[in-house]
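So the chains spell out like this:
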Amino acid sequence: MLIFILEIILLFFLSIFFIYYIFLLPPKYPQNIPAVPFWVALIPFFKDVDQSDIFREYIQEPLRKHGAVKLFFGAQWNVLVHKPQYLQEIFKDEDLFEKSGNQKKIPHSVLSQFLGDNIISAHGQDWKTYQSVVKPGLQRNNFEVEKLVKNAESLCGLLKDAQLRAGNGGVPVQEFLQRYSVANLSEVVLQTEFDALNSLNAPINVLQTAVKREIFKPIFMNFPVLDRFPFPSREQARKTVDRFRNELKRGLVESSTKANGMSTDGLGRRMLDARDSGTWNEKQLLDNLTVAFVAGQENPQLCMISTLYLLAKHPEIQSKLYQEILQFNLGQPADDVLDPEVLQDMPFLTSVIYESLRLFPPIGQLVNRHTSENALLGGEIMIPKGTYVGYNCYSTNRDPTVWGENANVFDPARWGDNTVAIQKQYRHRRARAEWVSFHGGRRACLGEKFALLQMRVTLVSLVRKMRWGLDPTWIDRKTPAGPLYPRALRLVFESREKQ
Ligand code: HEM
């Protein structure tokens, strides 16, 4: 009996050692960068944490000192890069550091079923085929600004009503901003109607909330191997994913049949045409439609949350923005024709947006490239072929060696005081990979133009109608894992019309 117990104990320790050796022991290469202990990735399972604290405590110092670290994420070891020069190299050599998203990394996962093979994660000829359809649809010069303004006015109304219901308390803003960014993306970019803003219970809202809840469970994000097992909750998640994708396609097809529903150069029409002409198959349509929807509304939504948070913490910057709006004669809510060229010329508005995106890039960390050959990053870090490589924008955008000692401070004035100077600095910072919120090179974000236009319209519409502050009972914390932004933000709004 004793021998049997000893055997069990031995087996137990051998299994632990085996798991540690195979999965958790940092790889030997690259040799000259440190590894962040694997258990750092597991902290959010055991403690209710703010991930910006985790970053500061365990990752920032080695990452900044060495320019890159080995990081355990998604149940494997990766190289996470911080140093702008290294990022420039990665952005430039698209074939050596090739895109390799979840469809390649974890094809069996629910996440991969959700987003499939798409323009963001594909490489080579597949990417070119996707890009030829998507790029012209996103880089139009004729997005319907009136629709954005109309939605922004509705958002103001919804927030005002919510504030009345909340009395002196705060309004949880994320739900409203989610519906608002879904409405903007679907109506203006895809030219598809889902009634997301006005109807809380519209199928797209219900399904999106369900997908987010079911897909992004930290245990499955960190250990995607678990998706190989038929857990009932994961079978349910797969069904929700299919329903969500089908609802997107239903909306798109239905809107395309309406008279004047879609313009020929819009993204929605272009995607359907690509399917009908045989350029894309049905699955490619669904995969790319889903990723355009997710990237196109989730990132602006997070940008809005973080910007409202920063403006709430800095009432003096909110007031300065209001002064600029008055200066440009856009103070009256009745001025509902906002000219994109005028908006683009408002220096302080532009700096506020660039500065918010600097401090809180919606995609703060992303690991979706792998080396197609052995690579010598910066001529010094040897990364073996087949290693996953990612970027930490949150860290790069706050690097004190390029942004100065006040790199963590919200200071829009650092961008300059006139449009020419601000845009010059923007181009310079991006070219040097010191500001990487849209990443860079050939694979930089294609939705930047729309995202910035939307942010401009949103801020002008909100600031000219109201001012806001943090709900004093809200605890100032960032999300525990996933995208990094203020968690469950609550704001108190006050109408400017009162005075
Ligand atoms: C503030 C808002 C946004 C931010 C911060 C953002 C950020 C990014 C980043 C960092 C990437 C590169 C991802 C990678 O390296 O794998 C990217 C790619 C992309 N984004 Fe955005 N994005 C935003 C809004 C949008 C919008 C509104 C759309 C419109 C649908 C969009 C469409 C795309 C597409 C299609 C790509 C893939 C480009 C390619 O690989 O060819 N994004 N975005």
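Remember, it's a predicted structure, so these values are computed and weren't measured experimentally.

Conventions adopted
Residues numbered from 1 in each chain as written. Predicted model: local features only at pLDDT ≥ 70, side-chain atom pairs only at ≥ 80, totals over all residues. Heavy atoms only, no water. Helix = DSSP H or I, 4+ residues; strand = E, 2+ residues; numbered from the N terminus. Expected span 1.5 Å × (residues − 1). Buried < 20%, exposed > 50% of the residue type's maximum accessible area, 1.4 Å probe, protein only. Arc of directions from axis to C-beta. Contact = heavy atoms within 4.5 Å. Polar contact = N/O pair within 3.5 Å; in protein donor to acceptor, adjacent residues only side chain to side chain. Axes fitted to C-alpha atoms, helices over the stretch in contact; angles between N-to-C directions. Parallel < 35°, antiparallel > 145°, perpendicular 65-115°, else oblique. Nonpolar A, V, L, I, M, F, W, Y, C, P; charged D, E, K, R; others polar. Bend = angle between axes of the 7 residues up to and from the residue. Donors = N, O, S within 2.8 Å, 3.2 Å for Na, K, Ca; no water. Phe/Tyr/Trp six-rings, centres within 6.5 Å; stacked < 30°, edge-to-face > 60°. Lys NZ or Arg CZ within 6 Å of the ring centre and 35° of its normal. Near = heavy atom within 4 Å. Pairing = 2+ DSSP bridges. Salt bridge = Lys/Arg side-chain N within 4 Å of Asp/Glu carboxyl O.

This part takes up helix 20 (residues 419-431). A rise of 1.5 Å per residue sets the reference length of helix 20, with its 13 residues, at 18 Å; its end C-alpha atoms lie 18 Å apart and thus fit the reference within 8%. Buried within helix 20 we find T419, I422, Q423, Q425, Y426, R429 and R430. Along the long axis of helix 20, the arc covered by the buried residues comes to 160°, so they all point the same way. Turned more than 90 degrees off the buried face of helix 20, the exposed positions are V420, K424, R427 and A431. Against the buried residues of helix 20 lie helix 16 (340-344), helix 17 (347-359), helix 19 (400-403) and helix 21 (448-465). Regarding helix 20, its N-cap is N418, as a side-chain oxygen of that residue lies 3.2 Å from the backbone nitrogen of V420 further along. Positive backbone phi, approximately 55°, marks A433, located one or two places after helix 20.

Right, let's talk about the packing of helix 15 (residues 315-327) against helix 21 for a bit. Angle between the axes and distance between the axes are the two parameters that describe a pair of packed helices. In the contact formed by helix 15 and helix 21, the axes pass within 9 Å of each other and the chain directions differ by 100°. Taken together, the axes of helix 15 and helix 21 lie roughly perpendicular to each other. Note on element contacts: helix 21 touches helix 15 through L459, V460, V463 and R464, opposite Q318, L321, Y322 and I325. Within the contact of helix 15 with helix 21, the residues separate by chemical class into 6 nonpolar, 1 polar and 1 charged.

With that settled, the discussion passes to helix 7 (residues 124-138). Relative to the 21 Å expected for 15 residues at 1.5 Å per residue, helix 7 spans 20 Å between its end C-alpha atoms, a close match to the ideal helical length. The largest bend along helix 7 reaches roughly 35° and is located at Q131. Every buried residue belonging to helix 7 is among W127, Y130, Q131, V133, V134, G137 and L138, and all of these are buried.

So, on to the coordination of the iron atom of the ligand. Donor atoms from the protein around the iron atom of the ligand number only one, C445 (SG), found at 2.3 Å. When you line up the elements, C445 lands in the loop between helix 20 and helix 21.

A few words now on the packing of aromatic side chains. Applying the stated criterion across every chain yields a total of 24 aromatic pairs. Each ring, one from Y426 and one from W435, has its centre 5.0 Å from the other, and the planes form 70°; the classification is edge-to-face. Summarising the burial analysis for this pair, Y426 and W435 share the class buried. Feature note: the residues Y354, W403, W415, Y426, W435 and F438 constitute an aromatic cluster, connected by ring pairs. A cation over an aromatic ring shows up here: R398 above the ring of F360, its NZ or CZ 5.3 Å from the ring centre.

Taken together, 25 residues form the shell around the ligand, and within it K99, N368, H439, R443 and C445 come nearest. N368 places a side-chain nitrogen or oxygen 2.7 Å from an oxygen atom of the ligand. One of the side-chain N or O atoms of Y391 is found 3.1 Å from an oxygen atom in the ligand. Of all the elements in the fold, those that place two or more residues in the shell around the ligand are helix 7, helix 14 (282-313), strand 5 (365-371) and helix 21. In the shell around the ligand, the residues fall into 17 nonpolar, 6 polar and 2 charged.

Relative to the helices and strands, Y130 is located in helix 7. Between the C-alpha atoms of Y130 and W280, which are 150 residues apart in sequence, the distance is 8.1 Å. For Y130, the residues in contact, after removing those within four places along its chain, are D117, N118, I119, A122, W280, Q284 and N288. A distance of 3.3 Å separates the side chain of Y130 from the side chain of Q284, its partner in a polar contact.

Attention shifts here to the sheet that holds strand 2 (residues 76-81). Across a sheet, strands are paired by hydrogen bonds formed along the backbone, either parallel or antiparallel in direction. The strand order 1-2-8-5-3 describes an open sheet built from 5 strands, whose pairing is mixed. The open sheet is flanked by strand 1 (68-73) and strand 3 (97-99), the only strands paired with a single partner. The average angle at which neighbouring strand axes cross in this sheet is 45°, direction not considered. Where helix 3 (residues 51-66) meets the sheet, it contacts strand 1, strand 2 and strand 8 (388-392), and its direction lies at approximately 140° from that of strand 1. Across the sheet, helix 4 (residues 84-92) lies against strand 2, strand 3, strand 5 and strand 8, angled at about 125° from strand 8, the strand it touches most.

The subject of this paragraph is the pairing of strand 10 (residues 490-495). Residues L491, F493 and S495 point to one face of strand 10 and are all buried, whereas R490, V492 and E494, pointing to the other face, are not buried. Pairing between strand 4 (residues 171-172) and strand 10: 2 bridges, direction antiparallel. Paired with P172 across the two strands is R490, which belongs to strand 10. Two elements, strand 9 (residues 466-470) and strand 10, share 5 bridges in a ladder whose sense is antiparallel. Bridge pairing links G469 to V492 in strand 10.

Let us look at the pairing of strand 8. Most of strand 8 sits out of view: 5 of its 5 residues are buried. Side-chain alternation along strand 8 places Y388, G390 and N392 on one buried face and V389 and Y391 on a second face that is also buried. Of the pairings in the sheet, the one linking strand 2 to strand 8 comprises 4 bridges and is parallel in character. By the bridge assignment for strand 8, L80 is matched with G390. As paired elements, strand 5 and strand 8 share 5 bridges and run antiparallel to each other. Bridging from a neighbouring strand, Q365 pairs with N392 of strand 8.

With that settled, the discussion passes to the pattern of salt bridges. By the definition in use, this model includes 30 salt bridges. Note that R430 and E448 form a salt bridge whose closest N and O atoms lie 2.6 Å from each other. Placement of the pair is R430 in helix 20 and E448 in helix 21, with a sequence separation of 18 residues. Pair check on accessibility: R430 and E448 agree, each one buried. With a closest N to O distance of 2.9 Å, E434 and R432 form a salt bridge. Accessibility expressed as a relative area gives 4% for E434, which makes it buried. Salt bridges here are not isolated pairs; linked through shared partners, they connect K249, R275, D276 and E282.

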